[in-house]
Amino acid sequence: CLPANQERFANGKLATVRFHPSAQVVMTAGRDRSMSFFQVKSFVLYYNPRIQSIHLESFPIYKACFSVDGEQVIATGTHHKMFFVYDMMSGSIIPIQKVRGVEERFLRNFEVSPDGSFILLTGTSGYLHLLSMKTKELISTMKVNGRCTASAFTPDSSKIYSYSKEGEVFIWDVRSRKCLHNFEDEGSLEGKCIAVSKNNQYVACGSSSGVVNLYTTDVCLKENRPKPVKAIMNLVTSATCVTFNPTTEILAVASCETDEAVKLV
């Protein structure tokens, strides 16, 4: 296959590559302060034509993500309190300068709930801010012990799994915002990334040692020190990305700290 962004390579490191939820479109975004959209062709030999590029002045992008309906793109910066919303339908760029009730030096990491109702912003010092996707206003703030490094919604958007830097996972009820349970990720020196499978059967936790532990969700909700179903030790550098395929048959684990560190399990 030709590079997806053949028609416009980025001038800096790419931070995000995302497929549109319903259209044959791929988005790239990164440190060169731009987001680009390309039409995905089904034939290998064709270029993927660029639809458009959006430049965000003085805003190196840390992460960008489509909304569930595919009508918006949310983008956070590397060192900014604010974030941007790009409206795909109108073509307008909406800066969200400040969310009332959220006191953070900068906002980087976030997750969009699978039902499209919420945005979860990961703050510093263990704070998690739950926002309404519709209004971009604060609903509630939760707090984990230590510092939160990654979070994931369950497929039905009813729970949130938050992974702390200290290797502890906290499970939250979205409706009541109460902590239902917490457990220790076995052997984790520093939590890095977390994913919940689409059928809600498994939770994968990736740590700084490169080990990815795979748990069943029923055990995670009951035990404080659950045993992993499998410990994946193929990565030798920090595991920075874990994700399940839609049918829960494949788990991709990856590290951005070295070349070609992508494994399919």
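The model shown is predicted, which means the values in this text are computed figures rather than measured ones.

Trainee: Help me out: how do you make sense of the overall build of the protein in this one?
Mentor: Across its full length, the protein holds one helix and 23 strands. On C-alpha atoms alone, the protein measures out to a radius of gyration of 18 Å, which is about the 18 Å that the 2.2 N^0.38 rule sets for 265 residues. Summarising its shape, the C-alpha atoms of the protein cover approximately 50 × 45 × 30 Å along the three principal directions. Residues classed as buried in the protein amount to 48% of the 265 residues present. Total accessible area computed for the protein in this model is approximately 13500 Å², and 50% of it derives from carbon and sulfur atoms.

Trainee: Honestly, the nonpolar core in this entry has me stumped. Any pointers?
Mentor: Considering soluble globular proteins, one finds that nonpolar side chains tend to be buried as a cluster. If you look at the biggest cluster of nonpolar residues, it comprises 16 residues, and the most contacted ones within it are Met27, Met35, Phe37, Ile61, Ala64 and Val73. Only strand 2 (25–30), strand 3 (34–39), strand 5 (61–66), strand 6 (72–77) and strand 7 (83–87) provide two or more residues apiece to this core. The contact partners of Ala64, leaving out residues within four places of it in the chain, are Thr16, Arg18, Met27, Ala29, Met35, Val73, Ile74, Ala75 and Phe110.

Trainee: Explanation requested: the layout of surface pockets in the structure shown.
Mentor: A probe matching the size of a water molecule, rolled over the atoms, marks out where space remains unfilled. Of the volumes computed, that of the second largest pocket is approximately 170 Å³. Lining the second largest pocket are 13 residues; nearest its centre among them are Cys1, Leu2, Val40, Lys41 and Asn48. Each residue belonging to the lining of the second largest pocket can be placed in one class, and the counts come to ten nonpolar, two polar and one charged.

Trainee: Explanation requested: the sheet that holds strand 15 (residues 168–173) in the structure shown.
Mentor: Paired through their backbone hydrogen bonds, the strands of a sheet run either parallel or antiparallel. Here we have four strands laid out as an open sheet, ordered 13-14-15-16, and antiparallel in their pairing. Looking at the sheet topology across the chains shown, the edges are occupied by strand 13 (148–153) and strand 16 (179–184). On average, each strand axis in the sheet is tilted by 20 degrees relative to the strand beside it, whichever way the strands run. Direction of pairing for strand 13 relative to strand 14 (residues 159–164): antiparallel, over a ladder of five bridges. When the bridges of strand 14 are listed, Ala150 appears paired with Tyr163.

Trainee: When you look at the UniProt feature "repeat: WD" (unreviewed entry) in the protein in this model, what are you seeing that I'm missing?
Mentor: When the UniProt feature table is mapped onto this chain numbering, "repeat: WD" (unreviewed entry) sits at residues 152–182. In residues 152–182, helix accounts for 0% and strand for 58%; the two terminal C-alpha atoms are 14 Å from one another.

Trainee: For this particular structure, what's the right way to read the state of the cysteines?
Mentor: A covalent bond bridging the sulfur atoms of two cysteines is what the word disulfide describes. Here the structure, examined in full by the defined rule, presents zero disulfides. With no disulfide of its own, Cys220 lies closest to Cys205 among cysteine sulfurs, the gap being 6.7 Å. The closest cysteine sulfur to the non-disulfide-bonded Cys241 is located on Cys193, 6.5 Å from its own sulfur.

Trainee: Whenever I open this one, a nonpolar patch on the surface confuses me. Can you help?
Mentor: On the surface, a cluster of nonpolar side chains totalling about 300 Å² of accessible area is made up of Ile250, Val262 and Leu264. Position of Ile250 relative to the elements: it lies in the loop between strand 21 (241–244) and strand 22 (251–254).

Trainee: When you look at unusual backbone geometry in this model, what are you seeing that I'm missing?
Mentor: Glycine aside, residues mostly have negative phi, and peptide bonds are mostly found in the trans state. Of note in the backbone geometry, Asn200 takes a positive phi value of approximately 65 degrees without being a glycine. Structurally, Asn200 can be placed in the loop between strand 17 (191–196) and strand 18 (202–207). Its identity is not glycine, yet Glu260 carries a phi of approximately 60 degrees, on the positive side. Tracing the sequence through the fold places Glu260 in the loop between strand 22 and strand 23 (262–264). When its relative accessible area of 77% is taken as the criterion, Glu260 is described as exposed.

Trainee: Just checking my understanding: could you explain the packing of aromatic side chains for this structure?
Mentor: Here a ring pair, both rings aromatic, is described through the centre-centre distance and the interplanar angle of the planes. Under the criterion given, the structure shown has four aromatic pairs. Ring centres of Phe37 and Phe66 lie 6.2 Å apart, and the angle between their planes is 55 degrees; this geometry places the pair in the tilted category. Separated by 29 residues along the polypeptide, Phe37 in strand 3 and Phe66 in strand 5 bring together distant segments of the chain. For Phe66, a relative accessible area of 6% corresponds to the buried category.

Trainee: I'm lost on the sheet that holds strand 2 in this one. Help?
Mentor: What the four strands build is an open sheet, ordered 1-2-3-4; its pairing is antiparallel. At either margin of the open sheet sits one strand with a lone partner, and together these are strand 1 (14–19) and strand 4 (50–55). Going from strand to strand, the sheet's axes swing by 15 degrees on average, the running direction of each strand aside. Across five bridges, strand 3 lies against strand 4 in antiparallel orientation.

Conventions adopted
- Counting of residues starts from 1 at the beginning of each chain's written sequence and follows it residue by residue.
- Thresholds applied to this predicted model are a pLDDT of at least 70 for local features of residues and 80 or more for the giving and counting of side-chain atom pairs; totals over whole chains, interfaces and linings are not thresholded and use all residues.
- The basis for every side-chain value is the complete set of heavy atoms in the structure, and neither hydrogens nor water enter the calculation.
- Strands here mean DSSP runs of E at least two residues long; helices mean DSSP runs of H or I at least four residues long; both are numbered from the N terminus.
- This radius of gyration counts C-alpha atoms alone. The globule rule is 2.2 Å times how many residues there are, raised to the power 0.38.
- Note on classification: 1.4 Å probe, protein chains only; a residue is buried when its accessible area is under 20% of the maximum for its type, exposed when over 50%, partly exposed between these limits.
- Each accessible area is a Shrake-Rupley result for a 1.4 Å probe, and residues are judged covered by the shown protein chains and nothing else.
- Nonpolar cores were defined as sets of buried Ala, Val, Leu, Ile, Met, Phe, Trp, Tyr and Cys residues, with membership established by side-chain atoms within 4.5 Å.
- We call two residues contacting when some pair of their heavy atoms lies within 4.5 Å.
- Method remark: on a 1 Å grid restricted to protein atoms, a set of points is classed as a cavity if a 1.4 Å probe fits but cannot get out and as a pocket if it is open with protein on both sides within 12 Å along at least five of seven lines; lining residues have an atom within 4 Å of a point.
- Grid points are joined across faces, edges and corners, and a volume is the space filled by probe spheres set on the points.
- When residues are grouped by polarity, Ala, Val, Leu, Ile, Met, Phe, Trp, Tyr, Cys and Pro land in nonpolar, Asp, Glu, Lys and Arg in charged, and all others, Gly among them, in polar.
- Strands were regarded as paired on the criterion that DSSP finds at least two bridges between them.
- Only C-alpha atoms enter the line fits that serve as axes; for helices the fit covers just the stretch in contact. Angles between N-to-C directions range over 0 to 180 degrees.
- UniProt positions are given in the numbering used here, feature names are shortened, and annotations may be inferred rather than shown by experiment.
- In this description, the term disulfide denotes a pair of cysteine sulfurs within 2.5 Å.
- Each patch is assembled from residues with relative accessible area greater than 30% and no salt bridge, linking like charges that lie within 9 Å and nonpolar side chains (Val, Leu, Ile, Met, Phe, Trp, Tyr) that lie within 5 Å.
- Think of a salt bridge as a Lys or Arg side-chain nitrogen and an Asp or Glu carboxyl oxygen that are within 4 Å of each other.
- Two rings belonging to Phe, Tyr or Trp (six-membered ring only in the last case) form a pair when the distance between their centres is within 6.5 Å. Interplanar angles under 30 degrees mark stacking, angles over 60 mark edge-to-face geometry, and anything in between is tilted.

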